[in-house]
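Architecture and fold: a report
The residues making up each chain are set out below.
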Amino acid sequence: VYIKWNEMFFRECYKAYLSGRAEKDPSQGWYQGELGFYKFYVIPLAKKLETCGVFGVSSDEFLNYAEANYREWELKGEEMVARYLENFNRDRESGKIVIS
């Protein structure tokens, strides 16, 4: 689920860059940015949820999933960004994506 939504957000940002609505190429730094997002936002939030126990026994599951997603992105993230670019360019060439 994370990869699906991450790619859709990447596509949105990359299209904005190509159309001149964003200054930075998101493919440069997307991998590191996601690691930082997990390290400084998602995992600390999951730890707080676990500490306050607001979701009961499910709270530790959120932390476990967040940490697992972080490790998976750490291992496969650079490859995924390359795949995101390939998919975007393929869809652009086929006319599924139009840059205006």
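Note that the coordinates shown come from a computational prediction; the quantities given were computed from them, not determined experimentally.

With respect to the overall build of the chain
Counting its regular elements, the chain contains three helices and zero strands. Moving toward the C terminus, one meets the helices and strands of the chain in the order α-α-α. With the C-alpha coordinates of the chain rotated into their principal frame, the extents come out at 50 × 25 × 20 Å. By the burial criterion, 31% of the 100 residues in the chain qualify as buried. By sequence separation, contacts in the chain at least 24 residues apart represent 57% of the contacts at least 6 residues apart. In the structure as shown, the chain presents an accessible area of about 7000 Å², 54% of it carried by carbon and sulfur atoms. Distance between charge centroids for the chain: 4 Å, based on 14 positive and 16 negative side chains.

Overview of the environment of S19
Examined against the element boundaries, S19 turns out to sit in the loop between helix 1 (2-18) and helix 2 (30-52). For S19, a relative accessible area of 22% puts it in the partly exposed group. Sequence-wise, S19 and K48 are 29 residues apart; in three dimensions their C-alpha atoms are separated by 39 Å. When sequence neighbours within four positions are dropped, the list of residues in contact with S19 reads I99 and S100.

What about helix 1?
Helix length check: helix 1 (17 residues) gives 24 Å between terminal C-alpha atoms against 24 Å at 1.5 Å per residue, within 8%. Where helix 1 is buried, its residues touch helix 2 and helix 3 (59-93). Looking at the residues trailing helix 1, positive phi occurs at G20, about 85°.

Concerning the packing of helix 2 against helix 3
Axis separation between helix 2 and helix 3 bottoms out at 9 Å; the angle between their running directions is 175°. When the axis of helix 2 is compared with that of helix 3, the two are roughly antiparallel.

A look at the packing of aromatic side chains
Applying the stated criterion across every chain, the model contains 13 aromatic pairs. Ring geometry for F9 and W30: centres 5.5 Å apart, planes at 50°, overall tilted. Of this pair, F9 sits in helix 1 while W30 sits in helix 2, placing them 21 residues apart in sequence. Here F37 and Y38 contribute two aromatic rings whose centre-to-centre distance is 6.1 Å and whose plane-to-plane angle is 80°, an arrangement assigned as edge-to-face.

Digging into the packing of helix 1 against helix 3
When two helices pack together, their arrangement is given by the angle between their axes and by how far apart the axes lie. Between helix 1 and helix 3, whose axes approach to 10 Å, the crossing angle comes to 50°. Accordingly, the angle class assigned to the pair helix 1 and helix 3 is oblique. The crossing of helix 1 and helix 3 is right-handed. Contacts between helix 1 and helix 3 pair Y2, I3, N6, E7, F10, R11, Y14, K15 and L18 from the former with N69, W73, M80, V81, Y84, L85, N87, F88, D91 and R92 from the latter. Considering only residue class, the contact of helix 1 with helix 3 consists of 11 nonpolar, three polar and five charged.

The rules we used
- Residues numbered from 1 in each chain as written.
- Predicted model: local features only at pLDDT ≥ 70, side-chain atom pairs only at ≥ 80, totals over all residues.
- Heavy atoms only, no water.
- Helix = DSSP H or I, 4+ residues; strand = E, 2+ residues; numbered from the N terminus.
- Buried < 20%, exposed > 50% of the residue type's maximum accessible area, 1.4 Å probe, protein only.
- Contact = heavy atoms within 4.5 Å.
- Areas by Shrake-Rupley, 256 points an atom, 1.4 Å probe, with all protein chains shown as cover.
- Lys, Arg positive; Asp, Glu negative; His and termini not counted.
- Charge placed at Lys NZ, Arg CZ, Asp CG, Glu CD.
- Expected span 1.5 Å × (residues − 1).
- Axes fitted to C-alpha atoms, helices over the stretch in contact; angles between N-to-C directions.
- Parallel < 35°, antiparallel > 145°, perpendicular 65-115°, else oblique.
- Phe/Tyr/Trp six-rings, centres within 6.5 Å; stacked < 30°, edge-to-face > 60°.
- Left-handed = near helix turned anticlockwise from the far one by under 90°.
- Nonpolar A, V, L, I, M, F, W, Y, C, P; charged D, E, K, R; others polar.

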